[in-house]
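Fold and contact review
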Amino acid sequence: MAKQAKCVSFSTTSPKSILSSLSSSTSFSQSPINQTFSLSMVEETLDSTEPIIKKWDPNTKTISLFRHSRKQAKEFIICVRDLRRAMHFLVSQHSQSPNLVLTHSLMEIAMSRLEKEFFMILSSNLDQLDPESVSGHSSISSYSEFEYVMQSDDEMEKASESIAEVEKASALVITDWSVLEPMIKNWIKAAKIGVTTLFKGEKLLCDHVFSSSTTIRDSCFYEIANESGLNLFSLPELVVNKEKKPPPERIFKLMDLYAAISELRPEIELIFNFDSVASVKTLAISSLKKLKNSIHTCLTEFELKIQKDSSKALTPGGGIHRLTRTTMSFISSLSGYSRVLSEILAEHAIKRNTRFLESYFTAPILEDEHINHHATSVHIAWLILVLLCKLDIKAESYKDVSLSYLFLVNNIRLVVDTVRSTHHLRNLLGDDWLTKHEAKLRSYTTNYENAAWAKVYQTVPVRTSTTLSPDQAKTHFKRFHVAFEEAYMKQSSCVILDAKLRDEFKVSIARKLVPEYKEFYQKYLPMLREEINIEMLVRFKPDNLENYLSHLFHGTPMLSDSSSSASSSSMCISLGYG
């Protein structure tokens, strides 16, 4: 039908001319004709109008009257006008007349035909409506504003497809969330096209075509937009009503819905701005409020989920805990919704230990004239603090103190790296937050080294002017070998997944250990050359220490109790002592 319409000139019979013909009879009760109308005139009117109106019964005649013949179209309009007058006369003067039934039946046929004709004209000529001919006769303020509504066929096709997706999503809302979730993206796309293109276009068109009658304009737009609008905004309403306490991970789709409706709200309020379609606006605003409450609930549930994490299993080798990964991934994504979160948290602040938080965090001042990010900054800092407190508790479960510190180093390093590498998150927390937590990280690193390697460091004699006796040197070598093997066996099973952090640890340990041991080794090994079983006494040379240290923190020890003797022997042979 659209292709056929391109051959039709809209000026042939415009909706304006139809309505002006019909509206000219709206004041019939005050017309002088009413005073001179008679039953005989009613008979004549019925005789002349009945064959014409029945000829164009839409149930039997499918072609367009207004395209078929301008002359017959005008004749039909005159018949409708005369029939309306006769009907009004009978109602007011002869309500018991049997002709009233026939008059009413003919009027129903005529109204059905006019409704069908009007629909066909609007449907087939929307893309050909001349903006210049409209601008002087309607509330449309400019050519560009009206042109906005005249979308291309491709655009309208996309809109139709999107609306179809909305209908599917509405049908699927009662099923499993996993099916519904990907449909929300389609709903958002459809809602934007529906509001800014379809509903807005229909509103502008109704304002133009029915500019002479507010009642007809409102009624027409109601018929066009009310049911579709209610169907459109029923989906977010159904989504938020699905569960009283939605799981935290659903917050992102809820915020997508909230952001989309919030962005469209000004258009919605302008388009659905009169009483007959106010229910659409009310539903959209109600959806926003319910989405806001659901998002707030998700934030609360997420915090509780961190606090209530009761997993007892220790992370092997002091590695990164699952809770740290999932929490920071969630918070990182959350930071991208600062605008939505700021609106929600500004109105519904979540209860927390304010005094404790203020001593821990000062929100940075962000230059954004449209959004106050303070509430979002504070809340995200609070969530990370809750996580860190939980990690402190989990670290206490390790029997080895060094593993406790390594666990904290690994997990806090992930937290800090996530904040540093996530643009939105870094802006919200600020450089002061990073500086403070990097210092905390260095402190835990030092504590780990002291707990894990201090005993090894202490077995190497401090540089003094006094020379050790051979027996004293042998004692120090023995103590060093025992301490190093013990520490190495423990620490080589530890894990540091971050390559940079792993190298930093190795370098730090090597700098404290290798130079001191090398000096001791070179100074006292010569005086022990004559000792029997020298290979059991001096097991490591400085270069081998560096080799062993290079294999640390991969979770795979290079030494084991069963291979210690063999590796010591082979190392001594390589040194020339076997």
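As recorded by an unreviewed UniProt entry, the protein carries the name Exocyst subunit Exo70 family protein and is attributed to Brassica napus. Here is the UniProt Function (unreviewed entry) comment for the protein, exactly as written: "Component of the exocyst complex." On record in UniProt, under Sequence similarities (unreviewed entry), the comment for the protein is "Belongs to the EXO70 family."

So, about the pattern of salt bridges. By the definition in use, this model includes 22 salt bridges. Between Arg413 and Asp417 there is a salt bridge whose closest N-O contact spans 3.2 Å. Highlighted residues: Arg413 and Asp417, both in helix α20 (residues 401–421), separated by four residues, approximately one helical turn. Judged by its relative accessible area of 11%, Arg413 is buried. Taking the shortest distance from any N to any O, the salt bridge between Lys455 and Glu486 comes out at 3.9 Å. With a gap of 31 residues between them, Lys455 in helix α21 (residues 423–459) and Glu486 in helix α22 (residues 470–491) connect regions that are remote in the sequence. What emerges from the salt-bridge pattern is a single network uniting Arg413, Asp417, Arg420, Glu438, Asp498 and Glu504.

So, on to empty space enclosed by the protein. Using the criterion set out here, one finds four cavities of 30 Å³ or more in the structure. Empty space within the second largest cavity amounts to approximately 60 Å³. Taken together, Trp177, Val239, Val240, Lys242, Glu243, Pro246, Arg250, Leu254 and Ser294 make up the lining of the second largest cavity. Counted by class, the lining of the second largest cavity contains five nonpolar, one polar and three charged residues.

The next subject is the packing of aromatic side chains. Applying the stated criterion across every chain, the model contains 23 aromatic pairs. Centroid distance Tyr398 to Phe407: 5.5 Å. Interplanar angle 45°. Geometry classified as tilted. Comparing Tyr398 with Phe407, the two get one shared label, buried. Arranged with centres 5.5 Å apart and planes meeting at 85°, the rings of Tyr488 and Tyr548 form a pair that is edge-to-face. Placement of Tyr488 in helix α22 and of Tyr548 in helix α25 (residues 542–550) is noted, with a sequence separation of 60 residues between them. Looking at Tyr548, the relative accessible area reads 6%, which means it is buried. By the ring-pair criterion, three or more aromatic residues cluster together here, those being Trp453, Phe477, Phe480, Phe484, Tyr488, Tyr517, Phe520, Tyr521, Tyr524, Phe540 and Tyr548.

Here the focus is α21. Here α21 contains 37 residues, and its C-alpha end-to-end distance of 47 Å is more than 12% below the 54 Å for a straight helix at 1.5 Å per residue. The largest bend in α21 amounts to roughly 90° and is located at Gly430.

Checked against the element boundaries, Pro51 lands in helix α4 (residues 39–55). A residue is classified by how much of its surface remains accessible, and Pro51, at 49% relative accessible area, is partly exposed. Residues Pro51 and Leu106, 55 residues apart in the sequence, show an inter-C-alpha distance of 9.8 Å.

Rules and cut-offs
Residues numbered from 1 in each chain as written. Predicted model: local features only at pLDDT ≥ 70, side-chain atom pairs only at ≥ 80, totals over all residues. Heavy atoms only, no water. UniProt positions renumbered as here; feature names shortened; annotations may be inferred. Salt bridge = Lys/Arg side-chain N within 4 Å of Asp/Glu carboxyl O. Helix = DSSP H or I, 4+ residues; strand = E, 2+ residues; numbered from the N terminus. Buried < 20%, exposed > 50% of the residue type's maximum accessible area, 1.4 Å probe, protein only. 1 Å grid on protein atoms, 1.4 Å probe; cavity = no way out; pocket = protein on both sides within 12 Å on 5 of 7 lines; lining within 4 Å. Points joined across faces, edges and corners; volume = space filled by probe spheres on them. Nonpolar A, V, L, I, M, F, W, Y, C, P; charged D, E, K, R; others polar. Phe/Tyr/Trp six-rings, centres within 6.5 Å; stacked < 30°, edge-to-face > 60°. Expected span 1.5 Å × (residues − 1). Bend = angle between axes of the 7 residues up to and from the residue.

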